[in-house]
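# Fold and geometry: a report
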Amino acid sequence: MAEAILTLSSLHKQYGGLEVLKGISFNVMPREVIAIIGASGSGKSTLLRCVNLLEIPSSGTLSFDGVLIDFSKPERLWRRGLSLRRLRTRIGMVFQSYNLWPHKTVLENVTEAPIRVKGMARAEAVDIARQLLARIGLLEKCDTYPSRLSGGQQQRVAIVRALAMSPKLMLFDEVTSALDPELIGEVLDLMATLAAEGMTMLVVTHEIAFARDVSTRTIFVDGGRIAEEGPSREMLTSPANERTRQFLRRVLHQPVSASARP
Amino acid sequence: MSDFINPVERAAAWWHSIEEYLPGMLESCAIVVELTAAVIILSWICGLVAALGKTSTHPVLRWPCEFYIWFIRGTPTLIQIFIVYFGIPQLGLRLSPFTAGVVALGVSSGAYVAEIVRGGLSAIPKGQTESAIAIGMSARQCLQYIVLPQVVRIILPPITNEAVTTLKNTSLLSTITIVELTLKSEMIISYTFRPFDFYIIAAILYLAMTTSLMSTATWIEGRLARRY
Ligand SMILES: Nc1ncnc2c1ncn2[C@@H]1O[C@H](COP(=O)(O)OP(=O)(O)OP(=O)(O)O)[C@@H](O)[C@H]1O
Ligand SMILES: [Mg+2]
């Protein structure tokens, strides 16, 4: 059996007295696409942010691509600032609000990190960026500034910006939630294409149809814990857990049948 | 009879009487420009450091910066100049008037620059820095490539204002024997006894300098604004 690319084990995150993650453990295999669903405030964003260390977990361990980090020994962590950065360069993250850099053109947004962080030659970075932008049909926009693009276009550029670093894992945090309904499709299509090409992905989403059709596995987070996980199609059509069922009923505005699973 | 001298001749006579002092006044303008340039550079360094310190979550970094800004903004600039020029030598460190003047005005203006920069920093959405850190940039790279270029555009108008204030404040340095434009004018007046003429000329020269500073800033602003 293949090695897991990402392993979280009993990951906890506290803000002051507030415990947001209460022991999260799971493995991600290469090429897996995992949908993370759950109510607002259940800790989904915090979980993603802990994976690429935008937030430092309070305790637990994380192992990514052969590097193990133990968060119960924080003093060692700080000395490894550099390796935390190296880990981040291999994990791409896409945010709900795109967060493109407004003072840089579309092309510069995509080439900035490869040049500054990886030390790639400009010509090579531009080459890669142009190929990626051509793929999403935005090559002719490469010299425009993000403010001139539609939300869907901006979000696809944000995805491509992350891809330019050739990440081994992509994190998506409700990337379609800020989009007008008619623009959601183009972003989900791009994500589905990536999934089909074998990109390993963690996708926080409220798009249940996307989770069901594209992801291989779904994790339902409830109150900072994993309440249920399983193959997406089964779990999202007939959840075993009552809380999952309630949640799905709320987001789908329709009844969800009780589990028929063994 | 002198009453019948025509206006053109009068003007010529007036010009003749001030002409010999103009080169000296222009030289002192050069000193004003030098002082201003040095003070602006120092104030930007102080201001950036203090702004970053004050926005830091670390009390050891934040406290001294907060004290610095509070102290400077709450005391007269002239007193700050006197502390540096007359006060510090008492502790054993002798500074030339020029150095003391640049240090005093630079540190002083730095506190105001810090508040301006802090305003600019807070106008950058958190998501901007987050996406930079998430993609693997260091804090310094994020500041240098993502945050500061945007901050510069935002703070350009208030920072220009502060630079103009700095230029005008160099006249305070006449009190510590720097022969800049104000002291130069006073010296000329002390032997010509013509305060009206020479203070007006000084004012015009100050106006020329502040106006070119402001139009340079407007030009830069226009260039930055057209881009995004
Ligand atoms: N920096 C922080 N400081 C304090 N509390 C925080 C912080 N970030 C998140 N929280 C709290 O942690 C909890 C989980 O937040 P999180 O953003 O992870 O939820 P979420 O599942 O992503 O919700 P949503 O669907 O609304 O995005 C919330 O109660 C939130 O208030
Ligand atoms: Mg969230």
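Look above for the structure.
I will try to describe carefully the structure that is included in this document. Everything numeric in this text was worked out from a predicted model, so none of it was measured.

What follows deals with the overall build of chain B. From N to C terminus, chain B includes nine helices and zero strands. Tracing chain B from N to C terminus, the helices and strands come up as α-α-α-α-α-α-α-α-α. A globule of 228 residues ought to have a C-alpha radius of gyration of about 17 Å, yet chain B, at 22 Å, is considerably larger. Dimensions of chain B, computed from the C-alpha atoms along their principal axes, are close to 85 × 50 × 25 Å. The buried share among the 228 residues of chain B stands at 42%. Of all intrachain contacts in chain B linking residues separated by at least 6 positions in sequence, the fraction that spans at least 24 positions is 76%.

Attention shifts here to the overall build of chain A. Broken down by element type, chain A carries ten helices and ten strands. The C-alpha atoms of chain A give a radius of gyration of 19 Å, which matches the 18 Å a tight globule of 262 residues would have. For chain A, the C-alpha atoms occupy an extent of roughly 55 × 50 × 40 Å along the three principal directions. Buried residues in chain A amount to 53% of all 262 residues. The long-range share in chain A, meaning contacts at least 24 apart out of those at least 6 apart in sequence, stands at 61%.

Here the focus is the state of the cysteines. Residue and element names in this part refer to chain B. Counted by the stated rule, this structure contains zero disulfides over all chains. Of all cysteine sulfurs, the one in Cys-46 lies closest to Cys-65, which takes part in no disulfide; the gap is 10 Å. On the basis of relative accessibility, which here comes to 11%, the residue Cys-65 falls in the buried class.

Right, let's get into the site of ligand 1. Residues and elements named next belong to chain A. Taken together, Tyr-15, Leu-18, Val-20, Ala-39, Ser-40, Gly-41, Ser-42, Gly-43, Lys-44, Ser-45, Thr-46 and Glu-174 form the complete shell of residues around ligand 1. Ser-40 is positioned with one of its side-chain polar atoms (N or O) 2.6 Å from an oxygen atom of ligand 1. In this structure, an oxygen atom belonging to ligand 1 sits 2.8 Å away from a side-chain N or O atom of Lys-44. Relative to its free-state accessible area of 640 Å², ligand 1 is covered by the protein chains to the extent of 59%.

Glancing now at the pairing of strand 2 (residues 18-28) of chain A. Residues and elements named next belong to chain A. The pairing of strand 1 (residues 6-15) with strand 2 spans eight bridges and is antiparallel. When the sheet's bridge partners are listed, Tyr-15 is paired in strand 2 with Leu-18. Hairpin connection of strand 1 to strand 2: two residues between the antiparallel strands, including Gly-16 at a positive phi of 55°.

Turning our eyes to something else, we now look at the interface of chain B and chain A. Between chain B and chain A, the residue contacts involve 19 residues of the former and 23 residues of the latter. For the pair chain B and chain A, the two sides together bury roughly 1,900 Å², of which 59% comes from carbon and sulfur. With its nearest N and O atoms 2.8 Å apart, the salt bridge here joins B:Glu130 to A:Arg49. Counting the contacts that link chain B with chain A gives eleven residue pairs in polar contact (both at pLDDT 80 or more). Of all the secondary structure elements, the ones that give two or more residues to the side of chain B that touches chain A are helix 6 (126-134) and helix 7 (139-169) of chain B.

This paragraph deals with the side chain of A:Glu174. Residues and elements named next belong to chain A. Within the secondary structure layout, Glu-174 lies in the loop between strand 7 (169-173) and helix 7 (181-196). A distance of 3.1 Å separates polar atoms of two side chains, one belonging to Glu-174 and the other to Ser-177. Those residues in contact with Glu-174 that sit more than four places away from it in its chain are Lys-44, Gln-96, Val-204 and His-206.

All names here are of chain A. Taken together, four strands build an open sheet; the order of strands is 2-1-4-5 and the sheet is antiparallel. Pairing within the sheet leaves two strands with one partner each, and these edge strands are strand 2 and strand 5 (67-70). Shown here is a sheet whose adjacent strand axes are inclined to one another by a mean of 15°, direction ignored. Taken together, the five bridges between strand 1 and strand 4 (residues 59-64) define a ladder with antiparallel strand orientation. Paired with Thr-7 across the bridge in strand 4 is Ser-63.

All names here are of chain A. Ordered by their spatial adjacency, six strands build an open sheet running 6-7-8-3-9-10, and the pairing between neighbours is mixed. Each having just a single partner strand, strand 6 (91-94) and strand 10 (225-231) make up the two edges of the open sheet. On average, each strand axis in the sheet is tilted by 15° relative to the strand beside it, whichever way the strands run. By the bridge criterion, six bridges tie strand 9 (residues 217-222) to strand 10 in an arrangement that is antiparallel. Within the sheet, the bridge partner assigned to Phe-220 lies in strand 10 and is Glu-228. Packing against the sheet, helix 10 (residues 242-252) makes contact with strand 3 (33-38), strand 9 and strand 10, and its axis sits at approximately 95° to strand 9.

Bringing helix 3 (residues 59-73) of chain B into the picture now. All names here are of chain B. The terminal C-alpha atoms of helix 3, which comprises 15 residues, lie 21 Å apart, in line with the 21 Å expected from a rise of 1.5 Å per residue. For helix 3, every residue scored as buried is listed here: Cys-65, Tyr-68, Ile-69 and Ile-72. Burial along helix 3 is one-sided: seen end-on, the buried residues are contained in an arc of 90°. Projecting away from the buried face of helix 3 at angles above 90 degrees are the exposed residues Val-60, Trp-63 and Trp-70.

This paragraph deals with the nonpolar core. Residues and elements named next belong to chain A. Counting 37 residues, the largest nonpolar core has Leu-133, Val-157, Ile-159, Met-170, Phe-172, Met-191 and Met-201 as the members making the most contacts within it. At the level of secondary structure, the elements contributing two or more residues to this core comprise helix 4 (106-116), helix 5 (122-135), helix 6 (151-163), strand 7, helix 7 and strand 8 (201-204). Considering each element in turn, this core owes the most residues, eight residues, to helix 7. Ranked by size, the runner-up nonpolar core spans 32 residues in total, among them Ile-34, Val-51, Val-204 and Ile-219.

Glancing now at the side chain of A:Arg49. Within the secondary structure, A:Arg49 is located in helix 1 (residues 44-51). Those residues within four positions of A:Arg49 in sequence are excluded, and the remaining contacts are A:Leu54, A:Glu55, A:Met93, B:Lys126 and B:Glu130.

The rules we used
Residues numbered from 1 in each chain as written. Chains lettered and ligands numbered in written order. Predicted model: local features only at pLDDT ≥ 70, side-chain atom pairs only at ≥ 80, totals over all residues. Heavy atoms only, no water. Helix = DSSP H or I, 4+ residues; strand = E, 2+ residues; numbered from the N terminus. Rg over C-alpha atoms; globule rule 2.2 N^0.38 Å. Buried < 20%, exposed > 50% of the residue type's maximum accessible area, 1.4 Å probe, protein only. Contact = heavy atoms within 4.5 Å. Disulfide = S-S within 2.5 Å. Near = heavy atom within 4 Å. Polar contact = N/O pair within 3.5 Å; in protein donor to acceptor, adjacent residues only side chain to side chain. Areas by Shrake-Rupley, 256 points an atom, 1.4 Å probe, with all protein chains shown as cover. Pairing = 2+ DSSP bridges. Buried area = accessible area lost by both parts, 1.4 Å probe. Salt bridge = Lys/Arg side-chain N within 4 Å of Asp/Glu carboxyl O. Axes fitted to C-alpha atoms, helices over the stretch in contact; angles between N-to-C directions. Expected span 1.5 Å × (residues − 1). Arc of directions from axis to C-beta. Core = buried A, V, L, I, M, F, W, Y, C linked by side-chain atoms within 4.5 Å.

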